[in-house]
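Descriptive structure summary
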Amino acid sequence: MIALTVNGEERRLDTPARTHLADALRDGCGLTGTHIGCEQGVCGACTVLVDGKPARSCLLYAHEAAGKPVTTIEGLDDDPVAEALRAAFSRHHALQCGYCTPGMMVTARDIVLRLGAVDEARIREELAGNLCRCTGYRGIVRAIAEVAANRPAAPAAAPRREAPKVAAPAQAPAPAVELPNRIEHRETLSVPLPAAWAILSDPAKVAACLPGAVLTRHEGALLEGRFTASLGPISASFAGQGEWACGEHAGSVRGRGRDGANAAEGMVEFSLSPAAQGSVLDVVLSWRLTGPLAQFSRPALLRGLVAGLADQFARNLERSARGEAPAKRLSIWALIRAWLTRR
Amino acid sequence: MKPASFDYAPVETLGAALSALSAQGAKPLAGGQSLAPTMNLRLVRPRVLVDVKALPGMREVTETAAGLRLGAAVTHAEIEDGAVPDVTCGFMAHVARGIAYRAVRNRGTIGGSLCHADPAADWPSCMVALGATMIAAGPGGERRIAARDWMRAPFVTALAPGEMLLAVEIPRLPPGSRWGYAKINRKVGEFASALGIALPGVMVAGAIEAPPALLHAIEGIPPLAAVAVTRAVAMRDA
């Protein structure tokens, strides 16, 4: 049981720790003026006042808000600034579907109270965290500017310095590919080509050398298995199927898998070539990711993960070729070492 | 999406916090502005959220001749608004205003951002540029960690299991110091695609898929980071 103070009224709620404030307000208090959009802090529809300051009610668990004053759009009925904003929103057609409006109003009120008379550029900067799916920003900005203009300017802050524009170095355009993400990686192996190929041409041995991989079925070209990878506190375990193709010191695996709502499709192409001391393994990884993991992750971060995995795979392959057991556990320290040494 | 189930454990003393954090699956919660999105997306599923933001000292600010000690739960908005003393000639306030959105800055904390250790975040790179020191507490007592040793890999810090961040010590920049900061992102408030920082005698490239890099020359970094650092240097030297 927690006690929330919402719009000056105490509300006692029996809600689990995982309930965020937006759900507690809507479902627990019946205050449906607070809208829920993205639930990851991007859209701003759920913005309310906590301790008098705008906050994302989706990024704050209800238990955290216990004992703190919470003000929703319903609580701003008699607020003079909100009243002026409502009239201005109406005059300037600053809402169409109205979904973003409660969050817009809370943010707009904060802009007016905190910054006073501000120019349009600053209003747009401050509004960056509130998305209007109707794209009706012109009216919203005009409405806020009108109300702000009637207030004294905030104590003159020094103009914000901006970094000057400089030309970007020319970069070759990325080739159009079916799988949008692509990483190329090269590993030098201390074992000669025939010994390395004896492992690389056998999916079971490859899986044994690849940290996080488990092969559960291998019939002809068909592979089934699971792959688990971690990046800090985030980890994903994809289960799926793939096809294996193998040629002259080169091969590929194309597969697809799922981890809950996340789906991945990918291809690993590898080729082995002789070198003066041992051999050289070239790997091209291309993939498409959909689901929450794709929403969150920036593909660039995976480059480091792949570099770390490839390094561990190569060392395991060398051990395996020497008849030693591979180190199977995905070691975060090995990943870190790969990160630190790759520059 | 909604987060997976967890227990919420607000703590009031450091001892209670460290004891709660020693449990399997426990994770400290400060502002939660990076943690809650990953939890709502179910990318992170802690068993226990140990709310450390009300611990004594976590919001304490101490100014000395050498610099400023900021409790880990000081918010970005407080730094933006000048509610904490300025020892960096306006640099940190400028950076704070560019972090996410005001509603996020009102709750997000400097310590939480450093512990989340996203390479695209502002503070990890800024702390390296400023030569800051992290004050961590664990079962073995307090220890100091230099900012350049802090981020070991994306989302991985030098904190040992069971340790937490208490405060950050920021050395004072000489009065009148000039600085430059360039953040390249697709939209105001979005994650940075590249960060460039130029302080007196210091250049740092951030958001480079890896821990921030202290540079001697603008080379060996991704092209966009080179643009960011070049812009930051031009801003400092303008």
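Along each chain, the written sequence defines residue order, and numbers are assigned to residues from 1. Following the order in which they are written, the chains are lettered starting with A and the ligands numbered starting with 1. The predicted nature of this model means local features are confined to residues of pLDDT at least 70 and side-chain atom pairs, given and counted, to a pLDDT of 80 or more, with totals for whole chains, interfaces and linings taken over all residues. Water and hydrogen atoms play no part in the side-chain values, which are based on all heavy atoms of the structure.

In the nomenclature of an unreviewed UniProt entry, chain B corresponds to Carbon monoxide dehydrogenase from the organism Rhodovarius crocodyli.

If you look chain A up in an unreviewed UniProt entry, it shows as 2Fe-2S iron-sulfur cluster binding domain-containing protein from Rhodovarius crocodyli.

All names here are of chain B. Here the bounds of each domain stem from an automatic or database domain assignment. Taken domain by domain, chain B holds domain 1 (7–51), domain 2 (61–171) and domain 3 (180–237). Between domain 1 and domain 2, the C-alpha centre-to-centre distance is 18 Å. When checking whether two residues touch, look at their non-hydrogen atoms; a contact exists if any pair is within 4.5 Å. Between domain 1 and domain 2, the residue contacts involve nine residues of the former and 12 residues of the latter. As a working definition, buried area equals the accessible area (1.4 Å probe) given up by two parts on being put together, with both sides summed. Together, the buried faces of domain 1 and domain 2 total about 840 Å²; carbon and sulfur atoms form 75% of this surface. Of all residues in domain 1, the largest losses of buried area upon contact with domain 2 belong to L14, L18 and Q33, amounting jointly to 50% of the total for that side. Every case where a carboxyl oxygen of Asp or Glu lies within 4 Å of a side-chain nitrogen of Lys or Arg is listed as a salt bridge. Counting the contacts that link domain 1 with domain 2 gives zero salt bridges. Under the rule applied, a polar contact is a pair of N or O atoms within 3.5 Å (in protein, one hydrogen donor and one hydrogen acceptor; residues adjacent in sequence only if both atoms are side-chain atoms). The tally of links from domain 1 across to domain 2 stands at zero residue pairs in polar contact (both at pLDDT 80 or more). Broken down by element, the side of domain 1 that touches domain 2 gets its largest block of residues, four residues, from helix α1 (residues 14–21). Only runs of H or I of at least four residues qualify as helices and only runs of E of at least two qualify as strands under DSSP, and these elements are numbered from the N terminus.

Let's shift gears to the pattern of salt bridges. Considering all chains together, one arrives at 36 salt bridges over all chains under this definition. Among the salt bridges present, the one from R322(A) reaches E324(A), with a minimum N-O distance of 3.2 Å. In this structure, the salt-bridge partner of R144(B) is E169(B), at a minimum N-O distance of 2.9 Å. Placement of R144(B) in strand β7 (residues 141–146) and of E169(B) in strand β10 (residues 164–171) is noted, with a sequence separation of 25 residues between them. Relative accessibility decides the category of a residue: with a 1.4 Å probe and only protein chains considered, values under 20% of the type maximum give buried, values over 50% give exposed, and everything between is partly exposed. Here R144(B) falls in the exposed class, since its relative accessible area comes to 52%. The network of salt bridges with shared partners includes E64(A), D51(B), K53(B) and R107(B).

What follows concerns the sheet that holds strand β9 (residues 234–246) of chain A. Residue and element names in this part refer to chain A. Here, any two strands with at least 2 DSSP bridges between them count as paired. Sheet architecture is open: seven strands sit in the order β6-β12-β11-β10-β9-β8-β7, paired in antiparallel fashion. Since the sheet does not close on itself, it has two edges, and those belong to β6 (181–189) and β7 (213–219), each with one partner. Neighbour to neighbour, the strand axes of the sheet diverge by 20° on average, direction disregarded. Where β7 and strand β8 (residues 222–231) come together, six bridges link them in antiparallel fashion. Of the residues in β8, the one forming a bridge with R217 is E224. Lines fitted to C-alpha atoms define the axes here, with helix axes fitted over just the stretch in contact, and angles between the N-to-C directions of these axes take values from 0 to 180 degrees.

Our next topic: the UniProt feature "domain: FAD-binding PCMH-type" (unreviewed entry) in chain B. UniProt positions are given in the numbering used here, feature names are shortened, and annotations may be inferred rather than shown by experiment. As annotated in UniProt, the feature "domain: FAD-binding PCMH-type" (unreviewed entry) corresponds to residues 1–175 of chain B in the numbering used here. Across residues 1–175 of chain B one finds 26% helix and 26% strand; the C-alpha atoms that close the span lie 48 Å apart.

Once that is clear, we can look at the nonpolar core. Counting 80 residues, the largest nonpolar core has F91(B), M92(B), W123(B) and M127(B) as the members making the most contacts within it. Ranked by the residues each element gives to this core, the list is headed by helix α8 (residues 223–237) of chain B, at eight residues. If you look at the next biggest cluster of nonpolar residues, it comprises 25 residues, including C46(A), L29(B), V44(B) and L49(B). What we call a nonpolar core is a set of buried Ala, Val, Leu, Ile, Met, Phe, Trp, Tyr and Cys residues that are connected through their side-chain atoms within 4.5 Å.

The next subject is the interface of chain B and chain A. Interfaces are often described in size by the accessible area the parts lose on coming together. Tallying the contact residues gives 64 residues for chain B and 61 residues for chain A. Contact between chain B and chain A buries roughly 5400 Å² in total, counting both sides, with carbon and sulfur atoms accounting for 61%. The largest share of the area that chain B buries against chain A comes from L43(B), R97(B) and E209(B), three residues that together contribute 13% of it. Remark: the boundary between chain B and chain A carries five salt bridges. E64(A) is the salt-bridge partner of R107(B), the closest N and O atoms lying 3.9 Å from each other. Between the two partners, chain B and chain A, sit 17 residue pairs in polar contact (both at pLDDT 80 or more). In terms of residue count, α8(B) provides more of the side of chain B that touches chain A than any other element does, seven residues in total.

This paragraph deals with the sheet that holds strand β3 (residues 48–51) of chain B. Residues and elements named next belong to chain B. Pairing in this open sheet of three strands is parallel, and the strands run β1-β3-β2 from one edge to the other. Two strands in the sheet have a free side with no partner beyond their single neighbour: β1 (7–10) and β2 (26–29). Within the sheet, the average angular offset between the axes of one strand and its neighbour, ignoring direction, is 25°. Relative to β3, β2 runs parallel, the two sharing four bridges. Looking at the pairing, P28 lines up with V50 of β3. In this fold α1 packs onto β2 and β3, with an angle of close to 140° to the strand it touches most, β2.

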